[in-house]
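Close look at the chain arrangement
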Amino acid sequence: MTRALIIGAGIAGTITAIALHEAGHEPLLFEAYDRGAEGVGAFLTLAVNGLDALLPLGLKDVVKSAGFDSPRMSIGLGDGTRLAEFPLGGALADGTVSQTVLRSDLYVALRDEAARRGIHAEYGKRLIGASQTSSQVRAEFSDGSHEIGDLLIGADGLRSRVRTILDPDAPSPRYVPLLNTGGFAEGLSLEDEPGVLNMVFGKRVFFCHVVSPDGRVWWFANPARKTEPTASELATLAGEKLRAELLHLVARDRTPAAEIIRATRELYPAWPTYDFPTVPVWHRGRMVIIGDAAHATSPAAGQGASMAIEDAVTLGKCLRDVPDVERALAVYEGLRRERVEAVVAAGKRNGDDKVIGPVGRVVRDFFIKRAFAKPFDEDPNAFMWNHHIDWAEKVAA
């Protein structure tokens, strides 16, 4: 049995712990914050490939209990033109479709399931250093404590400490010139079918909304920002100032965006978008990074959580089937790197369509209309949705 120290008890870390537990190992979760993530974060749509990867871990229904079905997406323009509506990645064999869920609800559901399975988690454990020998790793925490294990897994996100321990010259995240904000509107009576994601390339901003089964409207917007904002700049762009800017950006669009923004009691403070085109070092010896720590992707790909889930399941398989830890980590990287970098690139392309000036918008809208004028011979995102991990299949060393 391998004792795995997992740094970061978010979605990536918790599912990794469950996968390793299923593979017969002893996972230990360490979270820097002194509490869980209840109520923290916006919402996400978990694609069918992520749900498919959860099946062998018995987690699909756990996730479904936290969210609602999102079977399709609609694409439109700010002039009110609705270009197309199509399945959001298809469905699993049992009919399960993509799920839209609050990030915090997903976290709580997974955390509780991990605890139910007897997986130990500690909070207020901020990693400050790590070292390794040929047979062990030692994690040092800011409270003066330490822990010994057989390997260390960095599931500690975009600003990963494990990534810089592995490689002091590791690249910084790349700023994608978009901000993110959103919220939940109440008291509206939109005609949209619940669960369908309505995405609009507006004249000045990209806007998406979805009506939840309880009638609330969940939404997000991506205001363009050419230069990376400072923390102080983001702090000033909040509350009613942010609402006023968003209303200005959607004012020329023939969509319900303005109505939705006005009906939202509290807006999410804006945050910047980042990705990683490539991270050269994923593992060294008995330490490895997964999820956003290794390959953060723009939300425009709709695959951040699913990529983390695929990582977790693949790593679990590798550590189950390859006796040597260092070799198992190398096999894991070999199975994952090409795919995740392709997904990051796709997310960057999708995001680029949101960052366009007035002249570019006219050109963009022309080509979007032409692209949707006839059915696609093949969905360009099919490689994302159709990926399947066979948990029962043995990994070749």
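The sections below set out a description of the structure shown in this document. Quick caveat: nothing in here was measured; it's all calculated off a predicted structure. (Residues numbered from 1 in each chain as written. Predicted model: local features only at pLDDT ≥ 70, side-chain atom pairs only at ≥ 80, totals over all residues. Heavy atoms only, no water.)

1. Looking at the overall build of the protein chain
The number of helices and strands found in the protein chain is 13 helices and 19 strands. For 397 residues, the compact-globule estimate of 2.2 N^0.38 gives 21 Å, and the C-alpha radius of gyration of the protein chain, at 21 Å, lies within 12% of that figure. In terms of overall dimensions, the protein chain has a C-alpha envelope of 60 × 45 × 35 Å along the principal axes. Out of the 397 residues belonging to the protein chain, those deemed buried represent 53%. (Helix = DSSP H or I, 4+ residues; strand = E, 2+ residues; numbered from the N terminus. Rg over C-alpha atoms; globule rule 2.2 N^0.38 Å. Buried < 20%, exposed > 50% of the residue type's maximum accessible area, 1.4 Å probe, protein only.)

2. Looking at the environment of Gly76
Here Gly76 lies in strand 5 (residues 72–77). A sequence separation of 132 residues divides Gly76 from Cys208, and the C-alpha atoms of the two residues are 9.9 Å apart. The contact partners of Gly76, leaving out residues within four places of it in the chain, are Thr81, Arg82, Leu83, Met199, Val200 and Phe201. (Contact = heavy atoms within 4.5 Å.)

3. Observations regarding helix 1 (residues 11–22)
Here helix 1 is twelve residues long and its end C-alpha atoms lie 17 Å apart, about the 16 Å a rise of 1.5 Å per residue gives. Of all twelve residues in helix 1, ten are buried, a share of seventy percent or more. Three or more residues of helix 1 are buried, namely Ile11, Ala12, Gly13, Thr14, Ile15, Thr16, Ala17, Ile18, Ala19 and Leu20. Just beyond helix 1, the residue with positive phi is Gly24, at close to 95 degrees. (Expected span 1.5 Å × (residues − 1).)

4. A word on the pattern of salt bridges
Throughout the structure, instances matching the rule amount to 25 salt bridges. We note a salt bridge from Asp61 to Lys60, for which the minimum N-O separation is 3.9 Å. Note on Asp61: relative accessible area 54%, which makes it exposed. Salt-bridge contacts for Arg72 lead to Glu193; the nearest nitrogen and oxygen are separated by 2.3 Å. Separated by 121 residues along the polypeptide, Arg72 in strand 5 and Glu193 in the loop between strand 13 (174–185) and strand 14 (197–201) bring together distant segments of the chain. (Salt bridge = Lys/Arg side-chain N within 4 Å of Asp/Glu carboxyl O.)

5. A look at the pairing of strand 11 (residues 146–149)
The alternating pattern of strand 11 places Glu147 and Gly149 on a buried face, while none of His146 and Ile148, on the opposite face, is buried. Looking at chain direction, strand 10 (residues 137–141) and strand 11 are connected through four bridges and run antiparallel. When the sheet's bridge partners are listed, Glu140 is paired in strand 11 with His146. Here strand 10 hands over to strand 11 after four residues, with Gly144 in that stretch at a positive phi of 90 degrees. (Pairing = 2+ DSSP bridges.)

6. Here's the deal with helix 10 (residues 304–321)
Its 18 residues give helix 10 an end-to-end C-alpha distance of 26 Å, which sits within 8% of 26 Å, the value for a rise of 1.5 Å per residue. Counting buried positions along helix 10 gives 16 out of 18 residues, so the element sits mostly inside the fold.

7. Points about the sheet that holds strand 10
Ordered by their spatial adjacency, three strands build an open sheet running 9-10-11, and the pairing between neighbours is antiparallel. Edge positions in the sheet fall to strand 9 (127–132) and strand 11, since each has one partner strand and no second. Neighbouring strand axes in the sheet, compared pairwise and without regard to direction, differ in orientation by 20 degrees on average. (Axes fitted to C-alpha atoms, helices over the stretch in contact; angles between N-to-C directions.)

8. Looking at the sheet that holds strand 7 (residues 99–102)
Pairing in this open sheet of three strands is antiparallel, and the strands run 3-7-4 from one edge to the other. Across the chains shown, the open sheet's two edge strands, defined by having one partner strand only, are strand 3 (43–46) and strand 4 (68–69). The pairing of strand 3 with strand 7 spans four bridges and is antiparallel. Within strand 7, the position partnered with Thr45 by the bridge is Thr100. Contacts from helix 4 (residues 103–116) reach strand 3 and strand 7 within the one sheet, and its direction differs from that of strand 7 by about 90 degrees.

9. Structural notes on the packing of helix 1 against helix 10
Taken N-terminus to C-terminus, the directions of helix 1 and helix 10 make an angle of 30 degrees; their axes are 8 Å apart at the nearest point. For the element pair helix 1 / helix 10, the angle class is roughly parallel. Handedness of the crossing formed by helix 1 with helix 10: right-handed. The residues of helix 10 that touch helix 1, namely those facing Ala12, Ile15, Thr16, Ala19 and Leu20, are Ala308, Ile309, Ala312, Val313, Leu315, Gly316 and Leu319. Taken together, the residues that form the contact of helix 1 with helix 10 break down as ten nonpolar, two polar and no charged. (Parallel < 35°, antiparallel > 145°, perpendicular 65-115°, else oblique. Left-handed = near helix turned anticlockwise from the far one by under 90°. Nonpolar A, V, L, I, M, F, W, Y, C, P; charged D, E, K, R; others polar.)

10. What about the side chain of Glu310?
The topology assignment puts Glu310 in helix 10. In contact with Glu310, other than residues within four places in its own chain, are Asn49, Ala53, Arg336, Arg339, His387 and Ile389.

11. Details of the nonpolar core
Ile15, Leu46, Leu57, Ile153, Ile289 and Leu315 are the most contacted members of the largest nonpolar core, which has 96 residues in total. Tallying contributions element by element places helix 10 first for this core, with nine residues. Contact partners of Ile153, with chain neighbours within four places excluded, come to Ala4, Leu5, Ile6, Ile7, Thr16, Leu20, Val288, Ile290 and Leu315. Listed in part, the 24 residues of the second largest apolar core include Leu179, Ala221, Leu242 and Leu249. (Core = buried A, V, L, I, M, F, W, Y, C linked by side-chain atoms within 4.5 Å.)

12. Things to note about the layout of surface pockets
In this structure, the second largest pocket occupies an estimated 260 Å³ of space. Lining the second largest pocket we find Gly183, Phe184, Glu186, Arg216, Ala263, Thr264, Arg265, Glu266, Leu267, Tyr268 and Pro269. A per-class count over the lining of the second largest pocket returns five nonpolar, two polar and four charged. (1 Å grid on protein atoms, 1.4 Å probe; cavity = no way out; pocket = protein on both sides within 12 Å on 5 of 7 lines; lining within 4 Å. Points joined across faces, edges and corners; volume = space filled by probe spheres on them.)

13. Topic: the side chain of Arg117
Among the secondary structure elements, Arg117 is positioned in the loop between helix 4 and strand 8 (120–123). Accessibility expressed as a relative area gives 16% for Arg117, which makes it buried. Excluding residues within four positions of it along the chain, Arg117 makes contact with Ile18, His21, Glu22, Leu57, Gly58 and Leu59.

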